[in-house]
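Examining the three-dimensional arrangement
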Amino acid sequence: MPEILEVEAARRVIEARALGRKVVEVVAPDAWYLKRGLVAPELEAVLPGRAFTAARRRGKLLLVDTTKRGPVLGLHLGMSGRVVVDGEAAGDPLIYASNRDVEAWHRFGVRFADGGALWLRDPRRLGAVELDPDEERLGPDAFDLTRQELVGLTTRSRAPIKALLMDQSRIAGLGNLLTDEALWRAGVDPARPALALNAEEVGTLYRSIRQTLRTLGRRGGSHMGDMPRAIDAPCPRDGTPLVRRTVGGRTTFSCPLHQR
DNA sequence: GATGACCTGTGA
DNA sequence: TCACAGGTCATC
């Protein structure tokens, strides 16, 4: 997705612009987009007449609370989803995805009594809408991750460190780009087994994750890393041509010299 | 834990 | 026509 930074941008847009407005209509034309048994009539039964009271987030999962003890609306952005409120999209345009505003890509939305609307626009249809999502399937949010939690995770897993960082049940929010950038900054090979990292390396990685979230958040999104995502591009740190591999099932760029 | 599936748009 | 895409899920 949209990784944690983009989802946070979406959360802020909902918080700033969509709270306290009465919902009068649900538009859910894509049954496939509704998950965990949810069907459009159920949304139409519970959302109109209510308003959103808070926009929360855990990892990449958006959680929107509703009035009158209503359900929690869960929104996933998938690989290409964006939240649009009254025509304003959250965050920077996505790379690797179309940002055109095509009506057919509006997979879910609500119209407000004042005439505005909130849309989830998603060309690839890999996002999702659900009610009362199970937040416990997700690990601690990446922004709240403690150093001790990361130490605990790494000592218990033989998975490549990159796969561990992207496992949403262990840490919620890190995706392909943020993970590559954090590992590049930490000087850690994405394919190293997690439990092979020593205490010092885990400490360095922890600081890199925090720094990556802070810095890329300030710059505008997950795509604003310092490491180029291109084969043979020179590593900005030491000039070595970067390599591309598949690690944890995802395209992975890294510096073969300083990431060990 | 690695792999492929899901879906669709874009650019080479 | 093909490879590839910031995610997640089921399956071997």
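Below or above, wherever it landed, is the structure these notes cover.

Rules behind the numbers
- Residues numbered from 1 in each chain as written.
- Chains lettered and ligands numbered in written order.
- Predicted model: local features only at pLDDT ≥ 70, side-chain atom pairs only at ≥ 80, totals over all residues.
- Heavy atoms only, no water.
- Pairing = 2+ DSSP bridges.
- Helix = DSSP H or I, 4+ residues; strand = E, 2+ residues; numbered from the N terminus.
- Contact = heavy atoms within 4.5 Å.
- Axes fitted to C-alpha atoms, helices over the stretch in contact; angles between N-to-C directions.
- Parallel < 35°, antiparallel > 145°, perpendicular 65-115°, else oblique.
- Left-handed = near helix turned anticlockwise from the far one by under 90°.
- Nonpolar A, V, L, I, M, F, W, Y, C, P; charged D, E, K, R; others polar.
- Buried < 20%, exposed > 50% of the residue type's maximum accessible area, 1.4 Å probe, protein only.

1. Quick notes on the sheet that holds strand 6 (residues 88-89)
Backbone-to-backbone hydrogen bonds pair the strands of a sheet. The strands run either parallel or antiparallel. Taken in spatial order, the 5 strands of this open sheet run 1-7-8-5-6, and their pairing is antiparallel. Of all strands in the sheet, those with a lone pairing partner are strand 1 (23-27) and strand 6, marking the two edges. In this sheet, strand 8 (residues 117-121) lies alongside strand 5 (residues 82-85) in antiparallel orientation, the contact comprising 4 bridges. Pairing of Val-84 across the sheet is with Trp-119, part of strand 8. With respect to the sheet, helix 1 (residues 4-17) is in contact with strand 5, strand 6 and strand 8, its orientation differing from that of strand 5 by roughly 15°.

2. Digging into the packing of helix 3 (residues 147-155) against helix 6 (residues 199-219)
In contact at an axis separation of 10 Å, helix 3 and helix 6 are set at 125° when each is read in the N-to-C sense. In terms of orientation, helix 3 lies oblique with respect to helix 6. As helix 3 packs across helix 6, the resulting crossing turns out to be right-handed. Side by side, helix 3 and helix 6 meet where Arg-147, Leu-150, Val-151 and Thr-154 of the first sit next to Val-202, Gly-203, Leu-205, Tyr-206, Arg-207 and Ile-209 of the second. The class makeup of the residues in the contact of helix 3 with helix 6 is 6 nonpolar, 2 polar and 2 charged.

3. Some points on unusual backbone geometry
With phi around 55°, Arg-36 is a residue other than glycine that occupies positive phi space. Here Arg-36 lies in the loop between strand 1 and helix 2 (40-46). Classification of Arg-36 as exposed rests on a relative accessible area of 62%.

4. Here we look at the sheet that holds strand 4 (residues 73-76)
Pairing is antiparallel across the open sheet formed by 4 strands, whose spatial order is 2-3-4-9. Two strands close off the open sheet at either side, each with one partner strand: strand 2 (52-58) and strand 9 (128-131). Each neighbouring strand pair of the sheet contributes to a mean axis angle of 20°, computed without reference to strand direction. With 4 bridges connecting them, strand 4 and strand 9 associate as antiparallel partners. Within the sheet, the bridge partner assigned to His-76 lies in strand 9 and is Ala-128. Where helix 1 meets the sheet, it contacts strand 2, strand 3 (61-66) and strand 4, and its direction lies at approximately 170° from that of strand 2.

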